[in-house]
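Descriptive structure summary
As a plain string of letters, each chain reads:
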Amino acid sequence: MFSRALPVLGPVLVAAVLSGCTAPPPASGVHDPYEAENRKVHAFNKSVDKALFSGGNKKDAIPEPVLRTVSNFGGNLGLPGKVLNSLLQGRPEPALSNSFRFVINSTLGVAGLFDPAGSSFGLPESDTDFGETLHVWGAGEGAYLELPILGPSTERDLAGKVVDSLIDPLGFVLDGDDAKIATAAKIGSKISDRLRFGDTVDSILHESADSYAQTRLLYLQNRRFELGMQVENDEDAYDPYADPYGQ
Amino acid sequence: MTHMRTPTASNPTRRAALGMIGGGLALSMAPVPAFALSDAQARQLIDTALGEVNAAIASGKSGAALYADFERIFVRYADVPVIARSALGVAARGASSAQMAAFTTAFRGYISRKYGRRFREFQGSRFEVTGARPVKSFYEVKSIAYMRGESPFEVLWHVSDKSGKHLFFNIIIEGVNMLASERTEVGAMLDRRRGNIDQLIQDLKSAG
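What counts and what doesn't
Residues numbered from 1 in each chain as written. Chains lettered and ligands numbered in written order. Predicted model: local features only at pLDDT ≥ 70, side-chain atom pairs only at ≥ 80, totals over all residues. Heavy atoms only, no water. Helix = DSSP H or I, 4+ residues; strand = E, 2+ residues; numbered from the N terminus. Expected span 1.5 Å × (residues − 1). Buried < 20%, exposed > 50% of the residue type's maximum accessible area, 1.4 Å probe, protein only. Contact = heavy atoms within 4.5 Å. pLDDT = per-residue confidence, 0-100. Core = buried A, V, L, I, M, F, W, Y, C linked by side-chain atoms within 4.5 Å. Pairing = 2+ DSSP bridges. Arc of directions from axis to C-beta. Patch = residues over 30% accessible without salt bridge, like charges linked within 9 Å, V, L, I, M, F, W, Y side chains within 5 Å. Areas by Shrake-Rupley, 256 points an atom, 1.4 Å probe, with all protein chains shown as cover. Salt bridge = Lys/Arg side-chain N within 4 Å of Asp/Glu carboxyl O. Axes fitted to C-alpha atoms, helices over the stretch in contact; angles between N-to-C directions. Left-handed = near helix turned anticlockwise from the far one by under 90°. Nonpolar A, V, L, I, M, F, W, Y, C, P; charged D, E, K, R; others polar.

Structural notes on helix α11 (residues 177-196) of chain A
Between its terminal C-alpha atoms α11 of chain A stretches 28 Å, which fits the 28 Å expected from 20 residues at 1.5 Å a residue. Residues Ala182, Ala185, Gly188, Ser189, Ser192, Asp193, Arg194, Leu195 and Arg196 of chain A constitute the buried set of α11 of chain A.

Concerning the side chain of Asn76 of chain A
Here Asn76 of chain A is to be found in helix α4 (residues 64-77). If we ignore the near neighbours within four places in the chain, the residues touching Asn76 of chain A are Arg101, Phe102, Asn105, Ser106, Ala111 and Gly112 of chain A.

Digging into the confidence of the model for chain B
Residues and elements named next belong to chain B. Across chain B, pLDDT averages 77, with 74% of residues at or above 70. Of all helices and strands in chain B, the one with the weakest mean pLDDT is helix α1 (residues 10-26) (42), whereas helix α7 (residues 197-206) scores best (95). Counting interchain partners and residues more than four positions distant, the pLDDT-below-50 stretch residues 1-35 has 124 contacts. Interface scoring of the predicted complex returns ipTM 0.75; its pTM is 0.80.

Describing the nonpolar core
Residues and elements named next belong to chain B. Ile83, Leu88, Phe103, Phe107, Val155, Leu200 and Leu204 are the most contacted members of the largest nonpolar core, which totals 48 residues. Secondary structure elements with two or more residues in this core: α4 (80-88), α5 (97-116), β1 (126-135), β2 (138-146), β3 (153-160), β4 (167-173), α6 (178-192) and α7. Tallying contributions element by element places α5 first for this core, with 7 residues. Beyond its immediate stretch of four places on either side in the chain, Val155 contacts Phe127, Val141, Lys142, Ser143, Ala145, Ile171, Ile172 and Ile173. Counting residues in hydrophobic clusters, the runner-up holds 9 residues, among them Ala49, Ile57, Phe70 and Tyr77.

Quick notes on the sheet that holds β4 of chain B
Residue and element names in this part refer to chain B. Read from one edge of the open sheet, 5 strands run β1-β2-β3-β4-β5, paired in antiparallel fashion. In this open sheet, the two edge strands, each paired with only one partner strand, are β1 and β5 (176-177). Here β3 runs beside β4; their pairing, made up of 6 bridges, is antiparallel. In the sheet register, Leu156 faces β4, and the bridge partner there is Ile172.

Describing helix α2 (residues 35-53) of chain A
Residue and element names in this part refer to chain A. For α2, with 19 residues, the first-to-last C-alpha span of 25 Å sits near the 27 Å given by 1.5 Å per residue. Of all the positions in α2, only Asn38, Val41, His42, Asn45, Asp49 and Phe53 are classed as buried. One side of α2 carries all its buried residues, which in axial view fall inside an arc of 110°. The exposed residues of α2 that point more than 90 degrees off its buried face are Ala36, Lys40 and Ala51. In this structure, the buried side of α2 is in contact with β1 (144-147), β2 (151-154), α11, α12 (198-207) and α13 (211-226).

Some words on a nonpolar patch on the surface
All names here are of chain A. A surface patch of nonpolar side chains, about 320 Å² in accessible area, is lined by Phe44, Ile149 and Leu150. The residue Ile149 is located in the loop between β1 and β2 in this model. Judged by its relative accessible area of 60%, Ile149 falls in the exposed class.

Some remarks on the packing of α5 of chain B against α6 of chain B
Residues and elements named next belong to chain B. α6 packs onto α5 with a crossing angle of 115° between their chain directions and a minimal axis gap of 13 Å. In terms of crossing hand, the pair formed by α5 and α6 is right-handed. Residues Phe103, Phe107, Tyr110, Ile111, Lys114 and Tyr115 of α5 lie in contact with α6, whose contacting residues are Glu182, Glu185 and Val186. Taken together, the residues of the contact of α5 with α6 break down into 6 nonpolar, no polar and 3 charged.

Encoded structure:
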């Protein structure tokens, strides 16, 4: 047991320390000291995306129900990790609902291919990750990062991703071919989502005047919302009538 | 605060766009007394506007004719001049009134095309208004959007009566703010034209 727990603890601590070291996050606004490097990565990601996903043919080649099934399967395998993170955050409620979700979809949902938990039991996925756990533990957001292939992130979320891959409970249960299948399913799930939401991603990535800035804005705003960082502070609310020029 | 989480990184962007599509065309602020917007009224207003949007789609029109319908709905329910001015940001200060008028018209068409084009993705969705409250000089209407095959997500509508009637001027979908997004976009377009507003207006006429 300890031999299993130890390799996990190391990265957790490293990640916590790393995140703690970065500059305190601005409550709003963009902290992007690596913009020049990030933009290069963005250009690379964009070209990869274009090579893989451009053209309506590829998009329409796979029917939506198939994409959804692949997405369900991969998403289901991600649930144990989310349960663990909810527990680390001291949030038993989402841990419980995701546990039920995992059990229902793994059985009634035929190993997670379908989503009866969401459609019939009113148990939508409660998303979380170690990046959120770090936030709950008080780590700052750090600088904005765009990662190759993985896309927009922050220093804190990158640390979270690394730790998530190491502490995934599935990784302790599965080995050999099963583990490979699980990894492939998760990657397949991401690709399915890219195809399912193709038009919207296309419009941001390939039709924006500055797709880097647009991606950064959308990611940071949504991430802060997810983490509850946008406390309901009415003073910060944007009122164009008070400030028509939008300073 | 409940968080409706998105299962993937690509989801939020989609929702943002979808929310703008629906939201941009959806919120109706018919004549109601200032600061007397109740939940029931808000719900009814959103239903009314969404009904108009759905009717436009069901009409069987497509392309330019459909976008023209969306543009009319947008003009009826949104404070377009304020949204346009805000998207232009500080550059609006240096613009002449003729430029502002031309920019506002071009921006209106751009928004209608941009969000109207993918409106079909939004069909079959349902909004449930969960509350309304005053913020600063305006009202915030909170709603939950239910889309087929998706976890429910939060959409906030910012509504003001400063124009003389209730009109929406901003939509915030899971934290993603339409005004901020359009300001980034229009700002980048203006940068590309080295700050030339007339050229920006020409670009906007074919953008979206």
